[in-house]
Amino acid sequence: MAVEIIMPKLGVDMSEGEIIEWKKQEGDTVAEGDILLEIMSDKTNMEIEAEDSGVLVKIVHPAGDTVPVTQVIGYIGEAGEVVEAGSAGQSASAAAQKTASMTVPQEAPQATETQAEVPADPITTAKPQGSGNVRATPAARKLAAKQGIDLSQVSGTGPQGRVHKDDVENFKSVQPKVTPLARKMAADLGIDLTSISGTGIFGKVTKKDILDASHATAPAQAATLAPAAPKASLPEGVEIQPMSAMRKAIAKGMTNSYLTAPTFTLNYDIDMTNLMALRKQVIDPIMEKTGQKVTFTDLIGLAVVRTLMKPEHEYLNASLINDAKDIELHRFVNLGIAVGLDDGLIVPVVHGADRMSLSEFVVASKDVIKKAQAGKLKAAEMSGSTFSITNLGMFGTKSFNPIINQPNSAILGVAATVQTPVVIDGEIVIRPIMQLCLTIDHRIVDGMNGAKFMVDLKHVLENPMELLI
C-alpha cells in the first residue's frame, strides 16, 4: 500500500510551504534517506528526505505549488501501483468526497447515461460535501468526487438539469489550474477563479494571485459602503517595501522573546593573548586533518560548551516549559550559532557539541554554517538549540545586547578584539581585549549565577590549553 508524503511542519509558526523542486520524478526508485524534494518555509529552503523506500508512484503537488502543512503532496509505493485521487490519508475534503461518492447505489454507468428520462432515482437523495441536493448520474458523481469538483457548480444538460459525465468533463476543461490553498482562499473571499490569470507554473493560480485580486477588489467594495478617501501620497524619496517571509518570522520571534523574557546583560573583558597564540599553533594541523580553518568563533564556541557542562551552570543550559511553570534542564549542549544572511538571520545548530573534540567541532560548525548560507538546512539542523552565540566582532562592534533565541535561557554576544592598554603587575601594557556580552533570562538565571558562568568562561578563554585536554 502506498505511503503518503506530506508537507512537513518545520516550525511552530509554519502553516504552509512552497515546493521548489522535486528531486525525484514519478516512476523513480526511492531509498529511505534519499532527497525527495526541496521546499521553502518561512526562513529558508530545505531538502526533504524520503522516510520509506519504494517507487515515487504519484506527485500530487508539482513544483510551484504552495501547500498547507500536513497535506499530502505525493506517494511512495510499489512499482506499477496506482494511487487514486481519493486514497486514504489525502486531504480531509478529498476523503469526504470519496465517502460521499461511495453512498451512491451501484448502477451500471452506461445504462444510467442512456436512461436519463427516469423521473426520480436514489441519486437525488445523495448529498456529497458542497454538492447539495444535485441531480447527477453515478458516472458524473464519481468523476466529480475523483476530480474534487463541487457538483453544485456544474450546469447539467440532462432533463431537469441533471448533470452528466460529459458536463463534469466540460466543466473541468474550462476551470483554471489552481493550488489548493488558492482555491480555499478564493472561496472564502468570494473571488471568481475564472476571472484571474495565474502567474504560477503553466498559468496556475497561486496564493499571491488571490491576494492581488482581493486587494484589487477591496477599494471597489469599500467605495459602495463609504465615500472614497483621498489616496495618501508618499513624501518624495519614500518607498514602501513589504516584509519578506523571513523578515516577518524574525520580527515575530524577536518581539516574542523581548516581550516575554525579563533580561539583563553582563559584559566581561577577555584577554585574547593566549587564545590567539593557541589558534596560531593549531590552525595548520586542523587544516591538514579536516580541510577546515579554525576560527575564533570555533574556539569560543567550544569554550562555551565546556563551561556549560559544569553542573553549577545547568540553568544557563535550560529552558522554561509548560507555560513557564517548569524548567527543562539539558545534560547535553546543542549550540546555536547565529548566521547573518543578506535578507535576514538564521541560527543553525551544532547538535551534541559537548561530545566533540576541537577538530570535530570545527567540521560540524562549518557544515551547518555553509548550509545556512546556501539555504540548504534541514529542519533538525535549525531547531533544538540549548544555548546560542552571536558574533559581531568582525564588524568592529565593541559591545551590544543580544536578544535571546527562545526557548534558550541565555545568549552570548561576541564583540570585537581591540588593542587596549591594561595594567599588569603595575606596568601598562597593550593587550588584545575582547568583550563578551551575556544576555540572561532572569526568570531562570540570577545575576550571581550568570556572573559565575562568565568568570569560568573567562578562565577557559584566557587559559585555552584546557580545550585540548
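Everything below is about the structure printed above this text.
Residues numbered from 1 in each chain as written. Predicted model: local features only at pLDDT ≥ 70, side-chain atom pairs only at ≥ 80, totals over all residues. Heavy atoms only, no water.

**Digging into the sheet that holds strand 18 (residues 427-441)**
What links the strands of a sheet is backbone hydrogen bonding, and the strands pair in either a parallel or an antiparallel sense.
Consideration 1: Pairing is mixed across the open sheet formed by six strands, whose spatial order is 9-18-17-16-12-15. At either margin of the open sheet sits one strand with a lone partner, and together these are strand 9 (263-271) and strand 15 (349-350). (Pairing = 2+ DSSP bridges. Helix = DSSP H or I, 4+ residues; strand = E, 2+ residues; numbered from the N terminus.)

**So, the pattern of salt bridges**
Consideration 1: Under the defined criterion, the tally for this structure stands at 13 salt bridges.
Consideration 2: Arg443 is paired through a salt bridge with Asp441; the nearest N and O atoms lie 2.8 Å apart.
Consideration 3: Looking at Arg443, the relative accessible area reads 34%, which means it is partly exposed.
Consideration 4: When its relative accessible area of 1% is taken as the criterion, Asp441 is described as buried.
Consideration 5: A single salt-bridge network, built from bridges that share partners, covers Glu21, Lys23, Glu38 and Lys376. (Salt bridge = Lys/Arg side-chain N within 4 Å of Asp/Glu carboxyl O. Buried < 20%, exposed > 50% of the residue type's maximum accessible area, 1.4 Å probe, protein only.)

**Things to note about the packing of helix 8 (residues 273-290) against helix 10 (residues 358-374)**
Consideration 1: Running from N to C, helix 8 and helix 10 cross one another at 65°; their axes reach a closest spacing of 10 Å. The angle between the axes of helix 8 and helix 10 places the two elements in the roughly perpendicular class. Classified by chirality, the crossing of helix 10 by helix 8 is right-handed. Here helix 8 contributes Val282, Ile286, Lys289 and Thr290 to the contact with helix 10, which in turn contributes Leu358, Ser359, Val362 and Val363.
Consideration 2: For the contact of helix 8 with helix 10, the per-class residue count stands at five nonpolar, two polar and one charged. (Axes fitted to C-alpha atoms, helices over the stretch in contact; angles between N-to-C directions. Parallel < 35°, antiparallel > 145°, perpendicular 65-115°, else oblique. Left-handed = near helix turned anticlockwise from the far one by under 90°. Contact = heavy atoms within 4.5 Å. Nonpolar A, V, L, I, M, F, W, Y, C, P; charged D, E, K, R; others polar.)

**What about the side chain of Thr307?**
Consideration 1: On the secondary structure map, Thr307 appears in helix 9 (residues 296-308).
Consideration 2: Beyond its immediate chain neighbours, meaning those up to four positions away, Thr307 contacts His313, Phe453, Asp456, Leu457 and Val460.

**Some details on the side chain of Asn334**
Consideration 1: Mapped onto the secondary structure, Asn334 falls in the loop between strand 11 (326-329) and strand 12 (335-337).
Consideration 2: Its relative accessible area of 9% is what places Asn334 among the buried residues.
Consideration 3: A distance of 3.1 Å separates a polar side-chain atom of Asn334 from the backbone oxygen of Gly384.
Consideration 4: With residues up to four places along the chain from it excluded, the contact list for Asn334 reads Val349, Val350, His351, Gly352, Gly384, Ser385, Thr386 and Phe387. (Polar contact = N/O pair within 3.5 Å; in protein donor to acceptor, adjacent residues only side chain to side chain.)

**Brief notes about the sheet that holds strand 2 (residues 16-22)**
Consideration 1: Taken in spatial order, the four strands line up as 5-4-2-7 in an open sheet, and their pairing is antiparallel. Two strands lie at the open edges of the sheet, namely strand 5 (45-49) and strand 7 (66-68), each paired on one side alone. On average, each strand axis in the sheet is tilted by 40° relative to the strand beside it, whichever way the strands run.
Consideration 2: Sheet topology note: the strand 4 (residues 35-40)/strand 5 ladder contains five bridges and is antiparallel. Its bridge partner being in strand 5, Ile35 is matched across the sheet by Glu49.

**Comments concerning helix 10**
Along an α-helix, a turn takes 3.6 residues, which lines up residues three or four apart on a common side.
Consideration 1: If you check helix 10, its first and last C-alpha atoms are 24 Å apart, about what 17 residues at 1.5 Å a residue would give, namely 24 Å.
Consideration 2: All buried positions along helix 10 are accounted for by Leu358, Ser359, Phe361, Val362, Ala364, Ser365, Lys366, Val368, Ile369 and Ala372.
Consideration 3: Where helix 10 is buried, its residues contact helix 8, helix 9, strand 12, strand 13 (339-341), strand 14 (344-346) and strand 15.
Consideration 4: A positive phi of about 70° marks Gly375, the residue just after helix 10. (Expected span 1.5 Å × (residues − 1).)

**Section: helix 9**
Consideration 1: With 13 residues, helix 9 should cover 18 Å at 1.5 Å per step; its first-to-last C-alpha distance of 18 Å lies within 8% of that length.
Consideration 2: Here helix 9 lies mainly inside the structure; ten of its 13 residues are buried.
Consideration 3: Every buried residue of helix 9 is accounted for by Asp298, Leu299, Ile300, Gly301, Leu302, Ala303, Val304, Val305, Thr307 and Leu308.

**Some words on the packing of aromatic side chains**
Consideration 1: Per the counting criterion, the structure on display carries one aromatic pair.
Consideration 2: Aromatic side chains Phe387 and Phe453 sit 6.1 Å apart centroid to centroid with 45° between the ring planes, which places their arrangement in the tilted category. Here the residue Phe387 occupies a position in strand 16 (residues 387-391), and Phe453 occupies one in helix 11 (residues 447-462), the gap between them amounting to 66 residues.
Consideration 3: Here Phe387 falls in the buried class, since its relative accessible area comes to 0%.
Consideration 4: Over the aromatic face of Phe296 sits the side chain of Arg279, whose NZ or CZ is 5.0 Å from the ring centroid. (Phe/Tyr/Trp six-rings, centres within 6.5 Å; stacked < 30°, edge-to-face > 60°. Lys NZ or Arg CZ within 6 Å of the ring centre and 35° of its normal.)

**Re the pairing of strand 17 (residues 410-424)**
Consideration 1: Inspection of the sheet shows strand 16 paired to strand 17 by four bridges, in the parallel sense. Each residue of the ladder has a partner; that of Asn391, found in strand 17, is Val414.
Consideration 2: Adjacent in sequence and paired antiparallel, strand 17 and strand 18 are bridged by two residues, among which Asp425 carries a positive phi angle near 55°.

**Considering the packing of helix 9 against helix 10**
Consideration 1: Direction vectors running N to C along helix 9 and helix 10 enclose 115°, while the axes themselves pass 10 Å from each other. With respect to the hand of their crossing, helix 9 and helix 10 are arranged in right-handed fashion. Residues Asp298, Leu299, Gly301 and Leu302 of helix 9 pack against Leu358, Phe361, Val362, Ser365 and Lys366 of helix 10.
Consideration 2: Residues that form the contact of helix 9 with helix 10 fall into these classes: five nonpolar, two polar and two charged.

**Details of unusual backbone geometry**
Consideration 1: The amide bond that connects Gln406 to the next residue, Pro407, takes the cis arrangement and shows omega of 10°.
Consideration 2: By secondary structure assignment, the location of Pro407 is in the loop between strand 16 and strand 17.
Consideration 3: Of note in this structure, Thr70 is not a glycine but carries a positive phi near 70°.
Consideration 4: The residue Thr70 is located in the loop between strand 7 and strand 8 (72-77) in this model.
Consideration 5: Accessibility expressed as a relative area gives 53% for Thr70, which makes it exposed.
Consideration 6: Despite not being glycine, Asp425 has its phi angle at roughly 55°, a positive value.
Consideration 7: Here Asp425 shows up in the loop between strand 17 and strand 18.

In short, shape yes, function no, at least from these values alone.
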